[in-house]
Amino acid sequence: MQLYRLDSAQVAAGIRNRDFSAEEYVQQLLERIEKVEPKVNAFITVTGGLALERARWLDRRIKDGEQVGPLAGVAVSIKDNICVNGTKTTCASKMLDNFVPPYDATVVKTLFDAGAILIGKTNLDEFAMGSTTEFSRKGATRNPWDIARVPGGSSGGSAASVAALECALSLGSDTGGSVRCPASFCSVVGLKPTYGLVSRYGLISYANSLEQIGPFGRTVADVSAMLNAIAGHDERDHTTAGGKQHYTSGSDKPLRIGIVKEFTEGADPDVSKIVYSSAEKLEGIGCKCDQVTCSSVEYALASYYTIATAEASSNLARYDNMRYGFEMTPEGYEWNSYFAKARSNFGEEVKRRIILGSYVLSSGYYGKYYLKAQQVRSVLRKDFASLFKQYDALIGPTMPILPFKIGEKLDDPLKMYLVDVDTVVANLTGMPAISVPAGFVGNLPVGLQIMADNFQEQTILDAASMLEKSAGIQRSPDL
Amino acid sequence: MDTKIGLEVHCQLTGVRTKLFCSCHCDYRGRAPNSNVCPTCSGLPGALPLLNKKSIEFAAMISVALGCRIPDEIAFYRKNYFYPDLPKNFQLTQYNAYGVTSIGVDGVLQYADGKSVRIRRVQLEEDPGRLVYETGSMETSTYSLIDYNRAGVSLVEIVTEPDFVDPKDVRAFLDKITSIVEHLGICDTKLEGSVRCDANISIAGGNRVEIKNVSSFADVEKALRYEITRQTTMVKRDIEVRAETRHWDDSRKLTKESRTKEEEQDYRYFPEPDIPTVVLGSGFASQVVRSMPELPDARKERFVSKYGLSAHVAQVLIDNKELADFFESALRSYNSPGEIANWIVTDLMGFVDERQKQAGSILAGLKIGPEHIAELARIVDDGTINRSTAKQILAQVTKTGEMPAKIARQTQATKIDDTEELAKVIDSVFKSETGAIQDAKQNPNAVNFIFGKVMKATNGRADPKAALDLINKKLKD
C-alpha cells in the first residue's frame, strides 16, 4: 500500500486504528523523499531521524491507549522561515546559515500538540522574497508537473512537497501570494487566512503587516484540518484576533459569487477560460455568479511593493551576523565595516528590496510613497468591504499566467513582480484567500482564487470544496 | 548673549517588573552578561514584541506630573539605525511627526519659584544594550563587548523646549524631575544609569550643539557652563559654532568633539506593524490621575499646612524624596515636626557628603535612621540634653548608629542642672578668672565671657539657663 498517497484524515485514521504504524508511514515517506528530491528539491532540511523517533513515540502512545491529537501521525513539512526549536531555520539565506532557533513558532507548537510529525523544512525564496523559489541558496525548487518549470513561490518547497507526495500537509507563509501562487502552480490547495487568524510568533518576518502563515494540502479537507490546528488567538502575537471556530471541509449551501473583472481581463486567456468554466461549474450546483469590478486593484501592486519593501528593509536590519548567522571572523574589522561585509551576503533580490524599502522610508519620501501606499490600502479595504455586502465570495485566477520556465524571468525584476498582481490584494486588505486546483492547460495547472470577507474562512472552504467536488482535478503528478 | 538650552532626559522605569516588550527582568544590574535575555529582547528572528501595560501607566504618570496632555491613542514607531548595542538594529520608540503618538505632549513644569519650562513630549521607548570597552574607554580599546541584559528595558524620554537660559535652572529642573519620579515610585534614581540627560545648547541664535555622555546632574551644569564659555568666546571672535555632538570628558572637565563623525542620520521612522495602536480612551488620563501617588508639590503644601514647616524647609525635604520620607518616618516615632525638620535640614545635612548627594542616596553613607532623629529631638525637648550636646551626639550617631539616649548616658552628657554641682564649677571659674569677674561686675556684656568659661569647664553639659542664673546671682553677692 502506498501510504504516502493518503490524505491527512486517512493517515490519522489509519494510524489511530493501527491499520498501519506511524513508523511505517514515515519510513515510506522518507523513501519517497529520497526518490523524488533529486528532481524536485523541495526540502532544505529533511528531519528524518526526528520524524521516525516521534512516529515511534506516537505508535507507543496509541498502543498504550493514550489520547492522541486529530493530526496524530500526519507528516507535515514546514517552510524554512518558521522557527522549529533545535532545527536549523535558514530562510534559504547565507545570513542564517547556522541559525538554530531556541524556540518553537506557535504554529509548530500547536501542530505538535495536534500530533503532527515534522518531516522537514522546505525551500523558499530567500527570506520569502520571490514568486518562483529560484532565489534560494539551496537552489531552485522544481515544479513536480514539469521539472523545467518553476513551482511558484515563495513557498515553492511547501507546495511541491505536497504535490510530489513527500508529505500530506505543509505550512507556508503568504506575504503577497506566497502560499497561493505555488499552490496554483503545483495544483494543490493553499490558504492565506485572514490577517490575525493565525499567530505569526516564530515566523521570520518579511513584511509583518501583510503576512500570514497558511496551510497546504492536496484536498480542501486537509487544509481545513490543518487550519483547525493552527488558528486562534496567541498571547505572544498582539496582532492575532480571538474567535477561533471549527472549520469543516464544506457545505453545499449556494453562494453569491463575484468574478473580479480586473483579474480575469489581465490574465492569460487560457487561464481566464478556466476561471469562467469554474464559475459555470459553481453555477451548476446552485451558486449565482456575476461579473464585478473593483478599479482600485490597479494600485494594489505598487502599494504592496512599497509597504512590503519598507517593512522588509527594517526587519532585515538585524542580520548583522553578530549574534547568530554564519561563520565570519570579526578580526580586523570595526563594527561598521563588519556589518557591511556580513550583509553583502544577502542575495540580489533581498538586497534589491532592502534598498527599495530604505528609499521609500527615507525622509522626504515617506509621504510620497509609504503613506500613499497605506492610503491605497484603506481604499482597497473599503471597496472590498462594500463588494462583500453583495457577494459571499469573489473569484478570479490565482496567477495571471501559467507556470513558466526556470530562469525565464530572472533578468527582469519588474516582470517578476507583475505575476503577483492578483494575490497581493488579499494581503493588503487582510481578507482570506485560497487557491484551489481548477484545471490544466496542457499539463500545466491553473488555480482558482477565492476570496471572502475577514474571518469568513468557512465560506472560502465551502466554495473551494464545491469546486473540488464538481471539477475533480488531479492533485499529484507522476514522478 | 542669548542662551537657549533644551534637554532630553531619559528615565528607566525601574518600578516595572519586566522589560517593555518581553518578560525578562527590568532589573538587569549585577547579572552575568547576556543572561537576562530572551528571543524578543535579543532580536532573534521570528520573535515578536509584547507591550508591557504597566510601562504605559507609569509613563502616563510622568506625563501627568509634567502637565502633559495624554492622547486617546498611542503608537510605537521604529527608529532605524545600525549600532551594535541594538539587537534589531532599530529602536522601538514613539514619534510625533505624522500625528501625535507619544504618551504625553505639550506640558509645562514649574520647577522653581516663578520658573517653568515647556515639555515638548514624553515618550516611551526601549533601552539599548550596553557596550563594555576593553579598557573602559572607546578611544583606547581595540575591542568591545556587548551585554544585552539592559536591551528592552522601559525608558521614558522627556524632551523639553529650549526654554532654559541658566545652567543653574537646568540643575533645579533635573532635581525636580528626580523628585517627581521618586515620588511616583517608578524610577529608582539611586541606581547607576537610571536617569540620564543630554543637553542641547545654542548661543546668540547660532548652531545647536548637543552634549552627551554626562553621567551626573552636577556635570550637566558644569558641561553647560563650559559650553557657554566656549561658544561665547567663539562668537566674540567671529568663529562659527558648528552644529555637532560633543561628549563631556569627566576627567578634564570639558566637552570635546565626538571621535566618530556623526553624519546627519535618517532614521526612516515608520509605525511598528507588530504592535497595533493602543487605544487608551478618554477615561484613561483621569484614571491615571486617581491612581497616582502624592506628587512633590502637593506633599510640600501638606508639609507647610499640616506640619507648620516653612516653605524653605519643606522644599529642602521634598527636593529629595529620601529626606521627605525620612522626616515623615521620624514623625511616626516622635511627633514634633518643627524640631525634627530642623534637625534634618540644618544639622543632619551637614554630614552629607557631596559625592553621596550626586550618587543619589543622600543618607546611604550615614548610619542613621528616622528613629535616631526622633529620639534625639525627644531628649532635647524633654531637657535630658541640651542642643549643643545633641549636635555632638548626632555626629557620633552618624558614624556608629547607636541610639542617642544611650550615647548620652554613656558619655554622661546629660545636662548638669543640679544647682550644687553647677555652683562648684562656677566657684572655680570665679577663682581663676578674678580679672574678668571684676569687669563683669561693671559691664554686663562681660558676663558672656564667664558663661563661656563655665560651659567649657562642663564640656557644654551645663544647663545654660541655670548656669546664667547662678553666675548673675554670684556676681551680685
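Residues numbered from 1 in each chain as written. Chains lettered and ligands numbered in written order. Predicted model: local features only at pLDDT ≥ 70, side-chain atom pairs only at ≥ 80, totals over all residues.

Scanning chain A for helices and strands turns up 16 helices and eleven strands. In terms of C-alpha radius of gyration, chain A reaches 21 Å, essentially the compact-globule figure of 23 Å for 479 residues. Once the C-alpha set of chain A is aligned to its principal axes, its extents read approximately 60 × 55 × 45 Å. Counting all 479 residues of chain A, 61% fall into the buried class. Long-range pairs, those at least 24 residues apart, make up 77% of the contacts in chain A between residues at least 6 apart in sequence. (Helix = DSSP H or I, 4+ residues; strand = E, 2+ residues; numbered from the N terminus. Rg over C-alpha atoms; globule rule 2.2 N^0.38 Å. Buried ≥ 20, exposed ≤ 12 C-beta atoms within 10 Å, placed from the backbone. Contact = placed C-beta atoms within 7 Å.)

This brings us to the overall build of chain B. A tally of regular secondary structure across chain B gives 16 helices and 15 strands. C-alpha extents for chain B along the principal axes are approximately 95 × 55 × 45 Å. In chain B, which comprises 477 residues, the proportion classed as buried is 41%. For chain B, long-range pairs separated by at least 24 residues make up 70% of all intrachain contacts whose partners lie at least 6 apart in sequence.

Below, the discussion takes up the sheet that holds strand β11 (residues 209-214) of chain B. Residues and elements named next belong to chain B. With mixed pairing, the eight strands of this open sheet are ordered in space as β5-β6-β9-β1-β10-β11-β12-β13. Looking at strand neighbours, the two that pair on one side only are β5 (104-112) and β13 (254-257), the edges of this open sheet. Taken over all neighbouring pairs, the strand axes of this sheet differ in orientation by 30° on average, direction set aside. Here strand β1 (residues 3-12) runs beside strand β9 (residues 154-160); their pairing, made up of five bridges, is antiparallel. Across the sheet, Gln-12 pairs through a bridge with Leu-155, a residue of β9. (Pairing = 2+ DSSP bridges. Axes fitted to C-alpha atoms, helices over the stretch in contact; angles between N-to-C directions.)

With that out of the way, let us pick up the interface of chain B and chain A. Counting from both sides, the interface comprises 24 residues of chain B and, opposite them, 33 residues of chain A. Here the side of chain B that touches chain A is built from residues that sort into 14 nonpolar, five polar and five charged. (Nonpolar A, V, L, I, M, F, W, Y, C, P; charged D, E, K, R; others polar.)

Our next topic: the nonpolar core. By size, the foremost hydrophobic cluster in this structure holds 237 residues, and its most contacted members are Val76(A), Ile117(A), Ala393(A) and Ile450(A). Setting aside residues no more than four positions away along its own chain, Ala393(A) makes contact with Leu255(A), Ile257(A), Ile450(A), Met451(A), Ala452(A), Thr459(A), Ile460(A) and Ala463(A). Val345(B), Ala374(B), Ala377(B) and Val397(B) belong to the second-largest nonpolar core, a separate cluster that totals 34 residues. (Core = buried A, V, L, I, M, F, W, Y, C linked by C-beta atoms within 7 Å.)

Below, the discussion takes up the domain arrangement of chain B. A common measure of how large an interface is: the accessible area buried when the components associate. When its domains are assigned, chain B resolves into domain 1 (3-288), domain 2 (294-410) and domain 3 (419-476). When each unit is reduced to the centre of its C-alpha atoms, the spacing between domain 1 of chain B and domain 3 of chain B is 64 Å. (Domains from an automatic or database assignment.)

All names here are of chain B. The two faces of strand β3 (residues 77-80) match: Tyr-77 and Lys-79 on one face and Arg-78 and Asn-80 on the other face are all buried. The sheet contact formed by β3 and strand β4 (residues 90-93) spans four bridges and is antiparallel. Paired with Tyr-77 across the bridge in β4 is Thr-93. Pairing analysis gives two bridges linking β3 to strand β14 (residues 270-271), with the strands arranged antiparallel. Residue pairing across strands places Arg-78 opposite Phe-270, the latter belonging to β14.

Let us now look at helix α9 (residues 269-284) of chain A. Residue and element names in this part refer to chain A. With 16 residues, α9 should reach 22 Å at 1.5 Å per residue; the first-to-last C-alpha distance of 22 Å fits that figure. Along α9, the residues classified as buried are Val-271, Ile-274, Val-275, Ser-278, Ala-279, Lys-281 and Leu-282. Taken down its axis, α9 places every buried residue within 160° of arc, on the same side. Residues of α9 that are exposed and point more than 90 degrees away from the buried face comprise Pro-269, Glu-280 and Gly-284. In the segment just after α9, Gly-286 is the residue with positive phi, at about 105°. (Expected span 1.5 Å × (residues − 1). Arc of directions from axis to C-beta.)

All names here are of chain B. Between its first and last C-alpha atoms helix α10 (residues 370-381) spans 17 Å; for twelve residues at 1.5 Å apiece the expected length is 16 Å, and the two agree. Buried residues of α10: Pro-370, His-372, Ile-373, Ala-374, Glu-375, Leu-376, Ala-377, Ile-379 and Val-380, and no others. Just beyond α10, the residue with positive phi is Gly-383, at close to 85°.

Pairing is antiparallel across the open sheet formed by three strands, whose spatial order is β4-β3-β14 (chain B). Whereas interior strands pair on both sides, the edge strands pair on one side only; in this sheet they are β4 and β14 of chain B.

On to the packing of helix α5 (residues 296-307) of chain B against helix α6 (residues 311-319) of chain B, then. Residues and elements named next belong to chain B. Interhelical geometry of α5 versus α6 gives an angle of 140° and a closest axis separation of 9 Å. On the basis of their axis angle, the class for α5 and α6 is oblique. Two packed elements cross with a definite hand, and for α5 against α6 that hand is right-handed. The residues of α6 that touch α5, namely those facing Pro-296, Arg-299, Lys-300, Phe-303 and Val-304, are Ala-311, Ala-314, Gln-315, Leu-317 and Ile-318. When its residues are assigned to classes, the contact of α5 with α6 shows seven nonpolar, one polar and two charged. (Parallel < 35°, antiparallel > 145°, perpendicular 65-115°, else oblique. Left-handed = near helix turned anticlockwise from the far one by under 90°.)

A few words on unusual backbone geometry. Residue and element names in this part refer to chain A. Across the junction of Gly-153 and Ser-154, the peptide omega takes the value 5°, indicating a cis bond. Mapped onto the fold, Ser-154 is located in the loop between β3 (117-122) and α5 (156-163). Residues other than glycine seldom take positive phi values, yet Cys-91 does so here, at roughly 55°. Take Cys-91: it is sitting in the loop between β2 (75-79) and α4 (106-113). Overall, Cys-91 belongs to the buried group, with 30 C-beta atoms counted inside 10 Å.

Once that is clear, we can look at the environment of Cys289(A). Residues and elements named next belong to chain A. Structurally, the position occupied by Cys-289 is in strand β8 (residues 288-292). Cys-289 sits 222 residues away from Gln-67 along the chain, and the two C-alpha atoms are 45 Å apart. Discounting residues that sit within four places of it in the chain, Cys-289 has contacts with Ile-257, Ile-259, Ala-279, Leu-282 and Glu-283.

Looking now at the environment of Asp188(B). Residue and element names in this part refer to chain B. On the secondary structure map, Asp-188 appears in the loop between α2 (167-184) and β10 (195-203). Between the alpha carbons of Asp-188 and Ser-361 there is a distance of 10.0 Å; along the sequence they are 173 residues apart. Residues in contact with Asp-188, not counting those within four places in the same chain, are Thr-14 and Ser-194.

So, on to the environment of Tyr247(A). Residues and elements named next belong to chain A. In this structure, Tyr-247 sits in the loop between α7 (220-230) and β7 (256-260). Given 22 C-beta atoms within a 10 Å radius, Tyr-247 is considered buried. For Tyr-247, the residues in contact, after removing those within four places along its chain, are Ser-224, Leu-227, Asn-228, Glu-457, Gln-458 and Leu-461.

Residues and elements named next belong to chain B. Packing of helix α8 (residues 337-347) against α10 leaves a shortest axis separation of 9 Å and a crossing angle of 120°. As judged from the angle between their axes, α8 and α10 are oblique. Considering only the axes of α8 and α10, their crossing is right-handed. The residues of α10 that touch α8, namely those facing Glu-339, Ile-340, Trp-343 and Ile-344, are Ile-373, Ala-374, Leu-376, Ala-377 and Asp-381. Within the contact of α8 with α10, the residues separate by chemical class into seven nonpolar, no polar and two charged.

All names here are of chain A. Strand β4 (residues 169-174) sits mainly inside the fold: six of its six residues count as buried. Pairing of β2 with β4, which is carried by three bridges, proceeds in the parallel orientation. Opposite Ser-77, over in β4, you have Ser-170 as the bridge partner. With six bridges joining them, β4 and strand β6 (residues 212-217) adopt antiparallel strand pairing. Paired with Ser-170 across the bridge in β6 is Phe-216.

Another point: the confidence of the model for chain B. Low pLDDT marks stretches whose predicted atomic positions should not be read closely. Overall, the predicted model of chain B reaches an average pLDDT of 89, with 96% of residues at or above 70. Scored by ipTM, the complex comes to 0.95, with pTM at 0.89. (pLDDT = per-residue confidence, 0-100.)

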